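# A closer look at the structure
Listed here are the chains, written in short residue letters.
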Amino acid sequence: MRRALVSACAAITLAISGSAQQYGLRTYSVEHGLPSSAVFAMAEDADGYLWIGTAQGAARTNGLRFEHIGRKQGLPHDAVTALAADDSGSVWLGFANGAVARGVDGRITVMHAGPSATVKAIAVRGDEVWCATSGQGILRLHPGGEERHGRNHGLRSEQVNALCVDQHERLIAGTDSGLFLLSEARWQAVAVGGLPHLRVQALHGDAQGLLVGTANGFAELDASLAPPARPRKPA
């Protein structure tokens with residue numbers, strides 16, 4: 001089945017004429033149903049719907065039409081700055097005012113009201129939801145309540161830009177002071193020789209290891225969080 005992430009986000013058509021290849025890129029904006037042309041985050045849920053976080057709320061699509069999810073549907077703030085889907089079918093939304101909400105079948109429940117620092121990224125591990133924030137460390141939401149992780153938990157910077165759960169279910173954070181790995185409730189710095197820049201701004205984990213986006217390019221790490229011995233295999 002063609003999934004919404006393919007049909008709505010990467011709607012690219014290929015035309016082949018002789019030996020030449022021409023690519024056409026389709027873009028989506030307000031005139032197609034998005035609540036705003038400023039897009040901050042995207043995530044695909046378990047049902048194949050693509051959720052899009054914008055400056056004026058969220059939208060979800062099955063590839064045919066956009067459904068606007070805004071204040072009337074229960075969002076605590078307009079700007080949706082982070083999104084993550086879990087295995088249960090829920091989508092977690094982070095906001096510019098620090099609020100965090102959960103979406104299930106289009107129904108919104110606020111899980112953390114804020115106000116606090118902007119949520120930059122969200123990672124879900126089991127029944128825990130971890131939220132990277134701009135200047136206030138990491139917010140952990142769990143069935144028993146919530147807590148913040150900052151310098152008192154081992155982070156050297158509370159400017160946290162990215163979060164990732166790797167193939168070993170380890171939680172990794174990208175901060176303005178490098179990479180950190182959660183180990184027994186404390187964050188340990190990951191020493192990576194040759195990282196292009198100390199400020200880590202994006203993370204992507206897969207079966208081959210970890211891709212680390214920085215303020216000066218990106219680096220490839222293997223499953224042990226070390227530079228790989230051989231190049232990555234094509235996807």
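Residues numbered from 1 in each chain as written. Predicted model: local features only at pLDDT ≥ 70, side-chain atom pairs only at ≥ 80, totals over all residues. Heavy atoms only, no water.

### Overview of the overall build of the protein
Helix and strand counts for the protein come out as one helix and 21 strands. Put simply, the protein has 235 residues, and 43% of those count as buried. Taking contacts inside the protein between residues at least 6 apart in sequence as the whole, the part at least 24 apart equals 35%. Carbon and sulfur atoms provide 49% of the accessible area of the protein, an area that totals close to 12100 Å². (Helix = DSSP H or I, 4+ residues; strand = E, 2+ residues; numbered from the N terminus. Buried < 20%, exposed > 50% of the residue type's maximum accessible area, 1.4 Å probe, protein only. Contact = heavy atoms within 4.5 Å. Areas by Shrake-Rupley, 256 points an atom, 1.4 Å probe, with all protein chains shown as cover.)

### Focus on the layout of surface pockets
What the largest pocket holds in volume is close to 620 Å³. Surrounding the largest pocket, 28 residues form its lining, Asp86, Ala123, Val124, Arg125 and Val129 being those nearest its centre. Grouping the amino acids of the lining of the largest pocket by side-chain chemistry returns 15 nonpolar, six polar and seven charged. (1 Å grid on protein atoms, 1.4 Å probe; cavity = no way out; pocket = protein on both sides within 12 Å on 5 of 7 lines; lining within 4 Å. Points joined across faces, edges and corners; volume = space filled by probe spheres on them. Nonpolar A, V, L, I, M, F, W, Y, C, P; charged D, E, K, R; others polar.)

### Describing the pattern of salt bridges
Side chains that carry opposite charge are capable of pairing whenever their charged atoms lie near each other. Under the counting rule described, the total for this entry stands at seven salt bridges. Here Arg60 makes a salt bridge to Glu67, at a shortest N to O gap of 2.8 Å. Given a relative accessible area of 27%, Glu67 falls into the partly exposed group. Of the charged contacts in the structure, one is a salt bridge between Arg170 and Asp166, with a shortest N-O distance of 2.7 Å. Through salt bridges with shared partners, a single ionic network connects Arg125, Glu128, Arg140 and Glu147. (Salt bridge = Lys/Arg side-chain N within 4 Å of Asp/Glu carboxyl O.)

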